[in-house]
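Summary of structural features
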Amino acid sequence: QRYMTEPDLVCFEGTHAVVALCSAVGICVWVLGACLSICLLCFRSIEHRSLWSSFTQRRFGYFVKGLEPGYWWWELLVKRFDLLLSGLVAGSS
């Protein structure tokens, strides 16, 4: 596979492989790190306080408001996974 504007460069070989690996790791850390940190902070807040405490509602109300009490985790896990996939697709293209 060759890079269209520079035909001498073979993709994912030599120095391009190192750059591609570094960029893939960076994208994964950035996107996955953001999703995991939001989930971790919200789960910890709910565990130490409660889902309906003023602190949790003020910081994470966007994720849990409007959902049934038994399904507050839906927005954090399922919808953040969508964000993760979108970020990986956008970053890799």
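As a reminder, the structure under discussion sits directly above these lines.
This write-up is about the structure you can find in this document. (Residues numbered from 1 in each chain as written. Predicted model: local features only at pLDDT ≥ 70, side-chain atom pairs only at ≥ 80, totals over all residues. Heavy atoms only, no water.)

Some words on the side chain of Gln-57
Position of Gln-57 among the secondary structure elements: in helix α2 (residues 54–64). Ignoring sequence-local partners within four residues, the contact set of Gln-57 consists of Leu-51, Trp-52, Val-64 and Lys-65. (Helix = DSSP H or I, 4+ residues; strand = E, 2+ residues; numbered from the N terminus. Contact = heavy atoms within 4.5 Å.)

Here we look at the nonpolar core
If you look at the biggest cluster of nonpolar residues, it comprises nine residues: Cys-39, Cys-42, Ile-46, Leu-51, Phe-60, Phe-63, Val-64, Trp-72 and Leu-76. Among the elements of the structure, α1 (15–48) and α2 are those that each provide at least two residues to this core. Ignoring anything within four residues of it in the chain, the contact list for Leu-51 reads Ile-46, Thr-56, Gln-57, Val-64, Pro-69 and Trp-72. (Core = buried A, V, L, I, M, F, W, Y, C linked by side-chain atoms within 4.5 Å. Buried < 20%, exposed > 50% of the residue type's maximum accessible area, 1.4 Å probe, protein only.)

Observations regarding the packing of α1 against helix α3 (residues 73–92)
Where α1 meets α3, the axes come as close as 9 Å, and the angle between the chain directions of the two elements is 170 degrees. Comparing the axis directions of α1 and α3 gives the class roughly antiparallel. In this structure, α1 contributes Ile-27, Cys-28, Val-31, Leu-32, Cys-35, Ile-38, Cys-39, Cys-42 and Phe-43 to the contact, and α3 contributes Trp-73, Leu-76, Leu-77, Arg-80, Leu-83, Leu-84, Gly-87, Leu-88, Gly-91 and Ser-92. Taken together, the residues of the contact of α1 with α3 break down into 15 nonpolar, three polar and one charged. (Axes fitted to C-alpha atoms, helices over the stretch in contact; angles between N-to-C directions. Parallel < 35°, antiparallel > 145°, perpendicular 65-115°, else oblique. Nonpolar A, V, L, I, M, F, W, Y, C, P; charged D, E, K, R; others polar.)

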